[in-house]
Amino acid sequence: MSTLVIVESPTKARTIRNFLPSTYRVEASMGHVRDLPSSAEEIPEAVKGEKWAQLGVNVEADFEPLYVIPKDKKKIVKELKDALKDATELILATDEDREGESISWHLLQILKPKVPIKRMVFHEITREAIRDALTHCRDIDNRVVQAQETRRILDRLVGYTLSPLLWKKIAWGLSAGRVQSVAVRLLVRRERERRAFRQGSYWDLKALLEKGKISFDAKLVTVGNVKVANGSDFDENTGQIIAGRLVLLLNEDQARALLSRIQNKPWTVSNLEERPVTRKPSPPFTTSTLQQEANRKLRLGARETMRIAQSLYERGFITYMRTDSVHLSEQAITAARSCVQELYGSEYLSPQPRKYTTKSKGAQEAHEAIRPAGSTFRTPQQTGLDGIDFRLYDLIWKRTVASQMADSRQTHVTVLTQVEDAGFRSSGKRIDFPGFLRAYVEGSDDPNAALEDQEVILPALKVGDKPNCKDLQAVGHETQPPARYTEASLVKMLESEGVGRPSTYASIIGTIVDRGYAKLIANALIPTFTAFAVTTLLETHFPDLVDTGFTSRMEQTLDEIATGEAKWLPYLQKFYTGEMGLATQVKEQESQIDAKVARTVILENITAKVCIGKYGAYLESENEEG
DNA sequence: CAGTGAGCGAGCTTCCGCTTGACTT
């Protein structure tokens, strides 16, 4: 009598093995075990001649998918088959999400078990949770499986129909896809904004004031009750003040003239405002937020972050690292709260345990948030880790602990000071109670952003006070173009639009760099001319597909398929073979797209045109001498 | 007659998402 349990990850298998009686054998499938053929060599001889073989989907036979066992999974499948021979029962314990349900179904298709089968799901890897799950097994949900197959087939149809069009019209070996083309388009749109950006410049005054031996900064904000222009008053496309804004734009001469006019005149505090502010801690890490913070704070790329997190996971330091959930189990909340209690004292605990819920589009929540493993958290020092492993664990530990800490209470102070007809403003921040800021301060994509946990001290002032002016300077400023995407900000954007999944964020960036759509220079993703050409073609002829809304609409339909409200076949038919379907559109548009035009990128302010050739981009100049 | 080279045709590139090692640069 023995039971074979199959999970997705070998680390998970190892852990669960300890919670089950010795008659249970636990093995890992290592993710998917079958897929559409990834290259020509995976297409079986029997169907090689068929015209749909390359696509891997028989569109004319109700979109029947051609599933094969990839080369690197043959060994796993053989091992699972052997393990099943000795079993009297099979339990499929893959993750409880769309892909996990599908993996279980594929396992059944391949293993063809003669013994009874059960589907088991659990969200926490504790002895109690596993034992409990064993007594609450269910059947495979075929509708969820169909939703996954629909997703898989649709992605194949998009990629393998649009990519060949790009080979014909732009260059060999290019690619398009539901996810990557949206990512590339985001980079291209930002670059267009940057090219359209016109710099504006303005001047203002900066004063260093002093009262009772405490000095503080003040910045010019009004002259004669008219607001002085700052960066936010400029139109990005003209470099001029936005039409209709009643602001005073100072140039260098005017700023210096004002300076000499008010120099040595008395300063008077004209207004004081104090405002209480509370700040809440950020939720625990998901894959996306971990990648963002590791990029901002540790300067790690998404791939590297995942590699380190994987190794921490395998050694039992953290929970699973590919997740879209911010949920913490009861034991995790208890562990985090006892860390707070021990290290900072009970006044630093949030009065009630904080429960976070996931808001991002399309989240499937098969796992917990990323947190220190176990029912008590080892402090970073207790782990014995060092180097980058230590720093990443430290980040995860702090974020998790902080998520159960009290709000930070601060007082923001604004002081207005008048000298002649010029008004100056000073901003102060007093931290009345640091709360979670003691443990963790979230990073920012904006290098100029003020640090959340730093006080800005102003002296005690009251209206009518006359601070001394120790220094007064005219300062020139220039408006800045919108920043290029970093790995962190691209992942953040994709996640918020529901595009891509935790297991793919890092590889999306890899794909667009490998295909020559972007270069990663000094943490900035810079789109290439090829990216411009491809994006322009797709936007012109297939605008729906490169819209970020495409994935959310698809997800909605997949959810309906999973609940039985919608049928997968009519959806695919409409999407692909219908009158406005993709196959139909590609066929129709193909003759209309001029390859010479598609290969040419026209940029403002450059007399030459950029063309995409066999070996990359080259310049084509209008005047022959060029 | 043998060696050369133009021209033709066949086969291939490509998607997203799940999971690790095995592999090369």
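Here's a quick rundown of the structure. (Residues numbered from 1 in each chain as written. Chains lettered and ligands numbered in written order. Predicted model: local features only at pLDDT ≥ 70, side-chain atom pairs only at ≥ 80, totals over all residues. Heavy atoms only, no water.)

Examining empty space enclosed by the protein
Argument step 1. Here the structure, examined in full by the defined rule, presents four cavities of 30 Å³ or more.
Argument step 2. Of the volumes computed, that of the largest cavity is approximately 70 Å³. (1 Å grid on protein atoms, 1.4 Å probe; cavity = no way out; pocket = protein on both sides within 12 Å on 5 of 7 lines; lining within 4 Å. Points joined across faces, edges and corners; volume = space filled by probe spheres on them.)

Quick word on the pairing of strand β14 (residues 518-521)
Argument step 1. In terms of strand pairing, β14 meets strand β15 (residues 524-527) through four bridges, oriented antiparallel. Of the residues in β15, the one forming a bridge with leucine 520 is leucine 525.
Argument step 2. Two successive antiparallel strands, β14 and β15, enclose a turn made up of two residues, where alanine 522 displays a positive phi of approximately 50 degrees. (Pairing = 2+ DSSP bridges. Helix = DSSP H or I, 4+ residues; strand = E, 2+ residues; numbered from the N terminus.)

With respect to the nonpolar core
Argument step 1. Ranked by size, the top nonpolar core spans 130 residues in total, and within it Ile318 and Leu392 carry the most contacts.
Argument step 2. Residues within four places of leucine 392 in sequence aside, it is in contact with Leu290, Ala294, Leu298, Leu300, Thr305, Ile308, Ala309 and Leu312.
Argument step 3. One finds Leu250, Val269, Val419 and Leu472 within the second-largest nonpolar core, a separate group that totals 25 residues. (Core = buried A, V, L, I, M, F, W, Y, C linked by side-chain atoms within 4.5 Å. Buried < 20%, exposed > 50% of the residue type's maximum accessible area, 1.4 Å probe, protein only. Contact = heavy atoms within 4.5 Å.)

A short note on the sheet that holds strand β6 (residues 117-119)
Argument step 1. Read from one edge of the open sheet, four strands run β2-β1-β5-β6, paired in parallel fashion. Whereas interior strands pair on both sides, the edge strands pair on one side only; in this sheet they are β2 (24-28) and β6. Across the sheet, the mean angle from the axis of one strand to that of its neighbour is 20 degrees, orientation sign disregarded.
Argument step 2. Across three bridges, the pairing between strand β5 (residues 89-92) and β6 is parallel. Looking at β6, one finds that isoleucine 91 is bridged to lysine 118.
Argument step 3. Its contacts with the sheet place helix α2 (residues 74-85) against β1 (3-7), β2 and β5, and it is angled at close to 170 degrees to β2. (Axes fitted to C-alpha atoms, helices over the stretch in contact; angles between N-to-C directions.)

Some remarks on the packing of aromatic side chains
A ring pair, where both rings are aromatic, is described by two values, the distance of the centres and the angle of the planes.
Argument step 1. Scanning the entire structure with this criterion turns up ten aromatic pairs.
Argument step 2. Between the aromatic rings of phenylalanine 550 and phenylalanine 575, the centroid separation amounts to 5.8 Å while the plane-to-plane angle is 45 degrees, which identifies the pairing as tilted. Of the two residues, phenylalanine 550 is situated in helix α16 (residues 549-563) and phenylalanine 575 in helix α17 (residues 568-577); the sequence distance between them amounts to 25 residues. Like phenylalanine 550, the residue phenylalanine 575 is buried in the burial classification.
Argument step 3. In textbook terms, an aromatic cluster arises when at least three aromatic residues are bridged by ring pairs, as seen for Tyr344, Tyr348 and Phe433. (Phe/Tyr/Trp six-rings, centres within 6.5 Å; stacked < 30°, edge-to-face > 60°.)

Read these as geometric descriptors, not functional statements.
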